[in-house]
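Each chain, written out:
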Amino acid sequence: MFHSLLVASLSLAAASWALHESDVGVVDWHSRLVGVPLQNTFYGDLVLTATASNVFAALNATDGEIVWRSIHDDDDPIMAFDVYDDSNVALLSGPGGSTLRTYDTSTGHLLLERRLHNPKHARRHELQHTAIITGRVSVEGSTALFVLTNGDTVSRIDSQSGDVAWTWRSSDNGSLVVYSHIGITPDAVYAIGLVRSKAAYTLHVTTLSIASGSVIASVDIPANLATDTPGFVLLEAPASPLPARGPCLAWLESSSIRAAVLTPELKGQVQILPGVNYTHIQDIGLGGAGQFIAFTQDGSAHVMRYDGDSLRLMWEFTDQAPSQTHTESYFAGSLDQDGEPRIARVYWSHANRQAIHQTFTPHLAEGKGQVTGYAFPFQTHDHGVIRHVTFDGRSSETHETTRLLLTTSTGTLQLWKHNTLQWSREEALSTIRVAAFIPLPPPTASGSLSSGSTAGQGMSGTVLTCVRRLSESILQHLYTYTMGPITREAGPAHGSDTLHSDQFGFRQVIVAATTEGVLYGLDSSNGRVIWRRLFGLGWASGRVGGRVLPVKMYVLPAKVGRLANEETTKQTVVLVTQRRAHNGLVDTVVFEVDPLTGDDVRPVEDGEGGTSRSRNGPLEGRDVIQGPMIESFVVPDGQGTVAMLDEFLQVQLYPDTPATRASLARLAPSLHLVLSARTSSPSSPGASSNNDASTRTQLVGHRLAFNDDVSVVHVAYPTWRITLDPGESIRETILNGKSVSEEASVGKVLGDRRTLYKYLNRHLRVVLTEVKGTGAQTGPEENLGAMCGLYVLDSVKGTVLYQVRLPAPEGRCDDVRAALVDHWLVYTYFEDRADVGMAGGGTKGWRIVSVEMYEGKKPDDVTRSSELSSYSNATTDITTYEQAYLIPYGVTALSATSTRLGVTIKNLILANRRHAVHFVPRRLLDARRPLGKVSPSEAEEGLITYDAVLPDDSRLSLSHNYEVANVRQIISAPSRLESTSLVLAIGLDLFLTRVSPSGTFDVLSENFNKAQLVLTIGGLALAIGLVRPAVRRRQLRGRWYSG
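Below is a summary of the structure that appears in this document. Quantities reported herein were computed from a predicted structural model and do not represent experimental measurements. (Residues numbered from 1 in each chain as written. Predicted model: local features only at pLDDT ≥ 70, side-chain atom pairs only at ≥ 80, totals over all residues. Heavy atoms only, no water.)

## Quick word on unusual backbone geometry
Here the residue pair Tyr-654 and Pro-655 is connected by a cis peptide bond, since its omega of -10 degrees sits within 30 degrees of zero. Along the polypeptide, Pro-655 turns up in the loop between strand S44 (651–654) and helix H4 (658–667). Even without glycine at this site, Leu-266 takes up a positive phi of about 55 degrees. Looking at Leu-266, the relative accessible area reads 15%, which means it is buried. Look at Asn-966: it is not a glycine, yet its phi comes out positive at around 50 degrees. Secondary-structure assignment places Asn-966 in the loop between helix H5 (936–941) and strand S61 (969–974). We classify Asn-966 as partly exposed; its relative accessible area is 29%. (Helix = DSSP H or I, 4+ residues; strand = E, 2+ residues; numbered from the N terminus. Buried < 20%, exposed > 50% of the residue type's maximum accessible area, 1.4 Å probe, protein only.)

This is how it looks when you write it as structure tokens:
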């Protein structure tokens, strides 16, 4: 009953919070992504793809739009898939291939789901140990699914009912032989695996009866495969009127290709192809046609074919190895409409500055094969290099219809039809690690004083032009005010290439850095990519190679770069990254860009010309630390100085100039850092030195000091230590989400006119920890002692102001999320124990806890925490209010809204496991909600009675019917309207919307009558003008006759 009353009481406010149907797609946008592809295949006009984001999806090959997608949890990884019956696809996922699902290929409808084994019982192998293949069983006339799971189990499953016809399990349970491939013929099922020896791998094959699953034969094949790349391919015999031959197993051993023709009885001999030295072999998806690629030591690529009796060379691609004229070649195979195999080769030509595509058709030229090709304008500067090629053989009748699907090193998925780009998907956006909003400059109206040119007009002409523009501007503003429409919300700016802000500041630039080595500039009004830049690898480019991983992003004033004297841009973006080279070296590299154009705006170094930096090539950063970075922060000197700590706790500056060093020396006493360290406690006699209990994690506070006897730069020295419990490690450190100087209100006035003053300490930090089960308690159950920790501490002197222990379901703390804004702390977790006397009476489920911190021990106590020194004892004189609530979903990310002046009330924005983004009104999360009946003073304050369950109101959904998947981070940014915030959800998808926690109090409604207001004011002004002479005459007459 009370729950219904609570929802009813909030309905009026929720009506203003909810999004109108007419606003969908206008005040928000949603970018659906699938992730960076790992495996692609053409199926008619669809592209089936499995991605690094654990998503299986079908894309429209015509326009690249998502037809359907299946999003899997992190503990349900996609292992293999196969298309069957020309309309369905079977998918194997989970640890060891624990779950089988089938989907309708055109719609994505789930047809079948079956658990094959318990995921907790999955075995881990260093080799591939799952596979799926489909085939029509001649005995029953239905399609059967043959699956290999756990590296030791083969099952035959009916595709319609999901019934398991039979299951075979290896006698050694995968301890000796790890099976990785399966193949079928009308007579038998072939399971191929590897046997690990001390120096190499040996092949093992087991044949099973296709009807009963009984073992026909099981033998070791003499082989000596390399342990680093134990490659082999299973080839089917070509169709022929002669009796069908068994499949062929081919592998590389000692630079020679060896093959064995398999029969159900596994009787035969190993064949050796002499005369050619090979480096490796590649399965190009034509195993069903008996073809694969073998690479020679002299840089050629051989197309090998199994003809039913033996292997033979069909074609030779010369000069496929990378050289000064071209890059490495990528091969892909496919079948044309007649079932004939075709092979595509794609590489980049340095000489032509284009990508080259060649198609090898084996059945042409009287069976000798023929190669044709063409060039297409792939933009390697924008999208990196080609990493994977998928070839549509059914479209390869002519060059004009040939379709290629490319996956690049930057996560871009492109479909080319001949030499024309059909569509491109920026899937690297699904890997955003850091992002920031940057306000755009105001527009330069055509009628403004600054538009146009007055050159050559002379003094009089210039003055007349300025007067004319001023009058036009005044008239335009008067017309807009009197007759123009009320703009409640500005829609997305489609089709505009000019970067400028809108009237309310809703249009901004989102600068986002991804783990795929791409930096994006996005238009916040519609999500369009404005610019993209690739991260350069510096000395690691070329043969070494590596990755650039973003760590932190700072928006700083443009006072140190080349934009300092420009009026159009007032800020730059400084990105701190870690470059991880493939040779194992790690460096800290800083990039600085113009957020409007993506141009490199690093300070010009000695010997570098200001125009030498390309706008098209990769961004080149500055190597600041030759090694990993421990921490970074912005020096509050107003000059945009970024400080970074190396592994020796030495401070490195960007930019490193005498001015920035002097600023750091002046501000060093006020800078405080919290770092983690590990210490070894003395072990008891006889205890093992590797015991986790003997190594403990510490939170260590640091200050910066300069000692020229030790270092030529500032060094961080420890000032305090907090030793955590045995087995406890630090997961994350969270800073205060908002600067104390931006808080407009320092207190909360109560109903009895007393005041609670907020505890505004800019040095607060939230530390999330994880305690492993072996380090806390002992017991027969696994993860019995596992738990999670949350600390709120003062980073200056290490005082713990708030601390709580939280449960760790299944020994994991990934579900604990926290946010700290001003004096308000919110965190979520999952309670898996029913005997805990908390909100909900110890009910298992998700909880959200709201904590508020105030100064003093009672209302009206004032300590001026925002101005108080952290060394004062009054910093610990606080009062904490806390309440917990049950919520019906798990939370993946949370944040609070932010506005320009901090006047608007802050609401909580959270993303849940239902792939939705919600907001929770601050009123519902007030930590002082009374447990009993609301008193008159509390009602005057706006408090409502405490309810242990937060209402699951659909009107509180910001994403309405959008599926915003796997949100990892939520960013809030202010607009020019104090009432409205921009909210960006970052995850597999991108979603942006606007929220007004206190209503749009600074925007006129659509029904406001401007004309009536102007006419009323005009009428009053006219009446005043008409009455004023009469009033003056009356006053004058009064003066004459007053005496």
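Back to the write-up after that little detour.
## What to know about the sheet that holds strand S33 (residues 420–426)
In any sheet, the strands associate via hydrogen bonds between backbone groups, in a parallel or an antiparallel arrangement. As summarised here, the arrangement of the four strands in space is S30-S31-S32-S33, forming an open sheet in which the pairing is antiparallel. Strands with a single pairing partner mark the edges of an open sheet, and in this sheet they are strand S30 (386–392) and S33. The average undirected angle you get between the axes of adjacent strands in this sheet is 20 degrees. Note: strand S32 (residues 412–417) against S33, six bridges, orientation antiparallel. The partner of Leu-413 across the bridge, within S33, is Arg-425. (Pairing = 2+ DSSP bridges. Axes fitted to C-alpha atoms, helices over the stretch in contact; angles between N-to-C directions.)

## As for the sheet that holds strand S29 (residues 370–376)
Spatial ordering of the open sheet is given by S26-S27-S28-S29, a layout of four strands whose pairing is antiparallel. Unpaired on one side and paired on the other, strand S26 (330–335) and S29 mark the two borders of the sheet. Sheet twist, expressed as the mean angle between neighbouring strand axes with direction ignored, is 20 degrees. Pairing of strand S28 (residues 354–361) with S29 involves seven bridges; the strand directions are antiparallel. Looking across to S29, one finds that Ile-356 is bridged to Ala-375.

## Here we look at the state of the cysteines
One covalent bond between the sulfur atoms of two cysteine residues makes up a disulfide. Evaluation of the coordinates by the stated rule reveals one disulfide. Between the sulfur atoms of Cys-788 and its disulfide mate Cys-813 the distance is 2.0 Å. When the S-S torsion is -105 degrees, as for the bridge of Cys-788 with Cys-813, the disulfide is left-handed. Taken as a pair, Cys-788 in strand S52 (residues 787–794) and Cys-813 in the loop between strand S53 (800–807) and strand S54 (817–821) lie far apart in primary sequence, 25 residues in all. Under the relative-accessibility criterion, Cys-788 is labelled buried at 1%. (Disulfide = S-S within 2.5 Å.)

## A few points about H4
What H4 keeps buried is the set Thr-660, Ser-663, Leu-664 and Leu-667. Angularly, the buried residues of H4 cover 100 degrees about the axis, an arc narrow enough to put them on a single face. The exposed set on the far side of H4, more than 90 degrees from its buried face, consists of Pro-658 and Arg-666. Buried positions along H4 lie against strand S42 (629–635), strand S43 (641–646), S44 and strand S46 (695–705). (Arc of directions from axis to C-beta. Contact = heavy atoms within 4.5 Å.)

## Examining a negative patch on the surface
Negative charge collects at one region of the surface, where Asp-73, Asp-74, Asp-75 and Glu-810 lie side by side. For Glu-810, the location among the structural elements is in the loop between S53 and S54. (Patch = residues over 30% accessible without salt bridge, like charges linked within 9 Å, V, L, I, M, F, W, Y side chains within 5 Å. Areas by Shrake-Rupley, 256 points an atom, 1.4 Å probe, with all protein chains shown as cover. Salt bridge = Lys/Arg side-chain N within 4 Å of Asp/Glu carboxyl O. Lys, Arg positive; Asp, Glu negative; His and termini not counted. Charge placed at Lys NZ, Arg CZ, Asp CG, Glu CD.)

## Topic: the environment of Arg-731
For Arg-731, the location among the structural elements is in strand S48 (residues 728–735). Here Arg-731 falls in the partly exposed class, since its relative accessible area comes to 28%. For the pair Arg-731 and Leu-768, spaced 37 residues apart in sequence, the C-alpha to C-alpha distance is 5.5 Å. Each residue touching Arg-731, except ones within four places of it in the same chain, is listed here: Leu-768, Thr-769, Glu-770, Cys-813, Asp-814, Val-816 and Arg-817. There is a polar contact of 3.2 Å between the side chain of Arg-731 and the backbone oxygen of Cys-813. (Polar contact = N/O pair within 3.5 Å; in protein donor to acceptor, adjacent residues only side chain to side chain.)

## Thoughts on the nonpolar core
Note that soluble globular proteins tend to have their nonpolar side chains buried in a common cluster. Counting 26 residues, the largest nonpolar core has Val-766, Leu-790, Tyr-802, Leu-825 and Tyr-827 as its most contacted members. Listed by contribution, the elements that provide at least two residues to this core are strand S51 (764–771), S52, S53, S54, strand S55 (824–831), strand S56 (845–855) and strand S57 (878–887). If you tally residues by element for this core, the top one is S53, at four residues. Leaving out residues up to four positions away in the same chain, Leu-790 has contacts with Val-766, Val-767, Leu-768, Tyr-802, Gln-803, Val-804, Ala-818, Leu-825 and Tyr-827. Judged by nonpolar contacts, the second largest core, of 24 residues, contains Ala-435, Ala-512, Tyr-520 and Leu-534. (Core = buried A, V, L, I, M, F, W, Y, C linked by side-chain atoms within 4.5 Å.)

## As for a nonpolar patch on the surface
On the surface, Leu-1022, Leu-1026, Val-1027 and Val-1031 cluster together to form a nonpolar patch covering roughly 370 Å² of accessible area. By the secondary structure assignment, Leu-1022 is in helix H6 (residues 1010–1041). Take Leu-1022: its relative accessible area is 54%, and that puts it in the exposed class.

## Details of H6
Here H6 contains 32 residues, and its C-alpha end-to-end distance of 46 Å stays within 8% of the 46 Å for a straight helix at 1.5 Å per residue. Roughly 35 degrees is the biggest bend found in H6, and it falls at Val-1027, with proline Pro-1029 one to four residues downstream. (Expected span 1.5 Å × (residues − 1). Bend = angle between axes of the 7 residues up to and from the residue.)

## Quick word on the packing of aromatic side chains
With the rule as written, the count across this model stands at 21 aromatic pairs. Where Phe-535 meets Phe-591, the ring centres are 4.9 Å apart and the plane angle is 40 degrees; that geometry is what we call tilted. Here Phe-535, found in the loop between strand S37 (529–534) and strand S38 (546–557), pairs with Phe-591, found in strand S40 (residues 586–593); they are 56 residues apart in sequence, far enough to count as distant. Phe-535 gets classed as buried once you look at its relative accessible area, which sits at 8%. Overall, Phe-591 belongs to the buried group, its relative accessible area being 2%. Taken together, the ring pairs in this structure connect Phe-295, Trp-315, Phe-317, Phe-331 and Phe-360 into an aromatic cluster. (Phe/Tyr/Trp six-rings, centres within 6.5 Å; stacked < 30°, edge-to-face > 60°.)

## Thoughts on the side chain of Gln-358
The residue Gln-358 is located in strand S28 in this model. You can call Gln-358 buried: its relative accessible area is 18%. The residues contacting Gln-358, other than those within four sequence positions of it, are Phe-317, Ile-343, Ala-344, Arg-345, Tyr-347, Val-371, Thr-372 and Gly-373.

## Digging into the pairing of S51
Among the eight residues in S51, eight count as buried, and that is most of the element. Going residue by residue along S51, you find Leu-764, Val-766, Leu-768 and Glu-770 tucked away on one face and Arg-765, Val-767, Thr-769 and Val-771 tucked away on the opposite face as well. Pairing geometry for S48 and S51, over seven bridges, is antiparallel. What sits directly across from Glu-728, in S51, is Val-771. Bridge count for S51 against S52 is eight bridges, and the pairing is antiparallel. For Val-766, the partnering residue across the bridge sits in S52 and is Val-792.

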